[in-house]
Amino acid sequence: MSLNKILVLDGVTAVCRFRDDGAIMEAEGMLSPDLMERMARFAQWYRRTVSSNTDLLSLFSQMRGWSPSQGWIVQGAGLTVCSTGNVVCLVGNAQGSLNEIMRALGEAAHE
Amino acid sequence: MDLEKMMELPGALAAFTYNDRGDLQSHVLREGAELTPQVLDQLAHSCVANLAIASMEARGWEALTGQGGFQPLKGFSIVGLEWSVVANGNRGVVVKNRDADYEATFNAVQTA
Amino acid sequence: MHIVKQLMAIPGVIAAGEYAYRGDRFSYEGALTEEFARMASIVCRANTLSVNMQAEIFDSFAENCGCRPVQGWIVRGSQVTVCAVGNYFSFIENRDELLNDVMTIMRAKVGDVQDDLLASLYARLGGDTKEALY
């Protein structure tokens, strides 16, 4: 899926697909190259961190269904960053529908 | 132990306190140390996060394995290239690795 | 002497081993079961990732501030302490002077962990950080 299909969703201001070493594979949206790179590196770290914390939760709770982790969301006062797999996007809270965005991210991440 | 006393620990570069959210509340910096209050504030937030994660791990480990000895937690340390930060509760100390006495530093950050 | 053997020779060291960043590969000696060692490996992985991420964030605020590359971490429990340096871990009793001795040995034997510990840990398992996962 072209990342533009995510960019057109309400509230999404930037989206990128990143590699496992944090390098950007493709990016769309209104974010400077420097900030896009920072977002990609942040997302790469967060994916790893969430993945290992999910493993911990799975281990300690002995519940099925946590691992493997699919993604994460960090909701700020006005902006939200959300990611599934190796795709991350920046969303303005006023307009975005997280359900729709996470669904679209899920499709994009598995392509 | 107050901040001035913590600065007497071997290798101490900085001593600081923070609230439960990680906001820096007070600090002492060794003159010449390449640390700023901004970095200490970042460190304080990471201390809160790390102590919370370590507590979760200690609780989970003891519950699952039946092995005791971890709780209550007495602190967490990140060992960097040149310095380490040692923290427990609401206080932390940054020590130069070359001179660090981890045991004394962990003892120093226990709440009175 | 291999680092794990050297650590296990010290009174008060409960267990020591090596953990893998990716996958569940690990090795250990001491008073852990296979399952506990696997769990320890997962815990070590999580904490190592976490502190590496934090160091990168610190670095963006204050370059060369002395934290990166992260060498390890310590969790101090009430009677037991876990130390991790590079991809080695140890569980030790809280005896006098033991933590300092163990940290000195671990840091000396492991040497300075170079930047991108994670890439080197991947490489040990035949992984490739440049490979697209999706």
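A short tour of the structure in this document, coming up.

Criteria and cut-off values
Residues numbered from 1 in each chain as written. Chains lettered and ligands numbered in written order. Predicted model: local features only at pLDDT ≥ 70, side-chain atom pairs only at ≥ 80, totals over all residues. Helix = DSSP H or I, 4+ residues; strand = E, 2+ residues; numbered from the N terminus. Buried ≥ 20, exposed ≤ 12 C-beta atoms within 10 Å, placed from the backbone. Contact = placed C-beta atoms within 7 Å. Nonpolar A, V, L, I, M, F, W, Y, C, P; charged D, E, K, R; others polar. Pairing = 2+ DSSP bridges. Axes fitted to C-alpha atoms, helices over the stretch in contact; angles between N-to-C directions. Expected span 1.5 Å × (residues − 1). Parallel < 35°, antiparallel > 145°, perpendicular 65-115°, else oblique.

1. Topic: the overall build of chain C
Next, step 1: Helix and strand counts for chain C come out as four helices and five strands.
Next, step 2: Reading the secondary structure of chain C in the N-to-C direction produces α-β-β-α-β-β-β-α-α.
Next, step 3: When the 134 residues of chain C are sorted by exposure, 46% land in the buried category.
Next, step 4: Excluding contacts between residues fewer than 6 apart, the proportion of contacts in chain C whose partners are at least 24 apart in sequence is 44%.

2. Digging into the interface of chain C and chain A
Next, step 1: Residue-level contacts link 15 residues of chain C with 15 residues of chain A.
Next, step 2: The residue makeup of the side of chain C that touches chain A, split by class, is nine nonpolar, two polar and four charged.

3. Here's the deal with the interface of chain B and chain C
Next, step 1: Of the residues lining the interface, 31 residues belong to chain B; the matching set on chain C comes to 32 residues.
Next, step 2: Secondary-structure elements contributing two or more residues to the side of chain B that touches chain C are helix H2 (37–65), strand S3 (75–79) and helix H3 (102–108) of chain B.
Next, step 3: The residue inventory of the side of chain B that touches chain C, partitioned by class, reads 15 nonpolar, 10 polar and six charged.
Next, step 4: Two strands pair when backbone bridges link them, and S3(B) and strand S3 (residues 72–76) of chain C are joined in this way by five bridges, in the antiparallel orientation. Following the sheet pairing, B:Ser77 is matched in S3(C) by C:Ile74.

4. So, the environment of B:Glu82
Next, step 1: Its place among the elements puts B:Glu82 in the loop between S3 and strand S4 (83–88).
Next, step 2: As for B:Glu82 and B:Lys96, which are separated by 14 residues in sequence, their C-alpha atoms are 6.0 Å apart.
Next, step 3: Apart from residues no more than four positions distant in its own chain, B:Glu82 is found in contact with B:Lys96, B:Asn97 and C:Gly66.

5. With respect to the sheet that holds strand S2 (residues 24–29) of chain A
The strands making up a sheet associate through backbone hydrogen bonding, with each pair oriented either parallel or antiparallel.
Residues and elements named next belong to chain A.
Next, step 1: Within the open sheet, the five strands sit side by side as S2-S1-S5-S4-S3. Their pairing is antiparallel. In the strand order of this sheet, the two ends are held by S2 and strand S3 (71–75), each with one partner. Taken over all neighbouring pairs, the strand axes of this sheet differ in orientation by 10 degrees on average, direction set aside.
Next, step 2: In the sheet, strand S1 (residues 12–18) pairs with S2 via five bridges, with the strands oriented antiparallel. Residue pairing across strands places Arg 17 opposite Glu 26, the latter belonging to S2.

6. Here's the deal with H2(B)
Next, step 1: In this model H2(B) runs 41 Å from its N-terminal to its C-terminal C-alpha over 29 residues, within 8% of the 42 Å that 1.5 Å per residue would give.
Next, step 2: Positive backbone phi, at 75 degrees, marks B:Gly66, one or two positions downstream of H2(B).

7. So, the packing of H2(B) against helix H2 (residues 34–61) of chain C
Next, step 1: Direction vectors running N to C along H2(B) and H2(C) enclose 170 degrees, while the axes themselves pass 11 Å from each other. With respect to their mutual orientation, H2(B) and H2(C) come out roughly antiparallel. Across the interface between the two elements, B:Gln38, B:Val39, B:Gln42, B:Ser46, B:Ile53, B:Glu57 and B:Thr65 of H2(B) pack against C:Phe36, C:Val43, C:Ser50, C:Gln54, C:Ile57, C:Phe58 and C:Phe61 of H2(C).
Next, step 2: Across the contact of H2(B) with H2(C), the residue classes break down as seven nonpolar, six polar and one charged.

8. Remarks on unusual backbone geometry
Next, step 1: In this chain, A:Ser67 is followed by A:Pro68 through a cis amide linkage whose omega measures -5 degrees.
Next, step 2: Topologically, A:Pro68 is positioned in the loop between helix H2 (33–61) and S3.
Next, step 3: A cis amide bond, omega -10 degrees, links C:Arg68 with the succeeding residue C:Pro69.
Next, step 4: Mapped onto the elements, C:Pro69 comes out in the loop between H2 and S3.

9. Here we look at the pairing of strand S2 (residues 24–29) of chain B
Residue and element names in this part refer to chain B.
Next, step 1: Relative to S2, strand S1 (residues 12–18) runs antiparallel, the two sharing five bridges. Looking at S2, one finds that Thr 17 is bridged to Ser 26.
Next, step 2: The hairpin turn running from S1 into S2, its antiparallel successor, is five residues long, and Gly 22 in that turn takes a positive phi close to 100 degrees.

10. A short note on the pairing of strand S5 (residues 87–92) of chain A
Residues and elements named next belong to chain A.
Next, step 1: Summarising burial for S5: five of the six residues are buried, a large majority.
Next, step 2: The pairing of S1 with S5 spans five bridges and is antiparallel. What sits directly across from Arg 17, in S5, is Val 87.
Next, step 3: In the sheet, strand S4 (residues 79–84) pairs with S5 via six bridges, with the strands oriented antiparallel. Its bridge partner being in S5, Thr 84 is matched across the sheet by Val 87.
Next, step 4: The antiparallel hairpin formed by S4 and S5 contains two residues in its connecting segment, where Gly 85 sits at a positive phi of about 55 degrees.

Shape descriptors only; they carry no functional weight alone.
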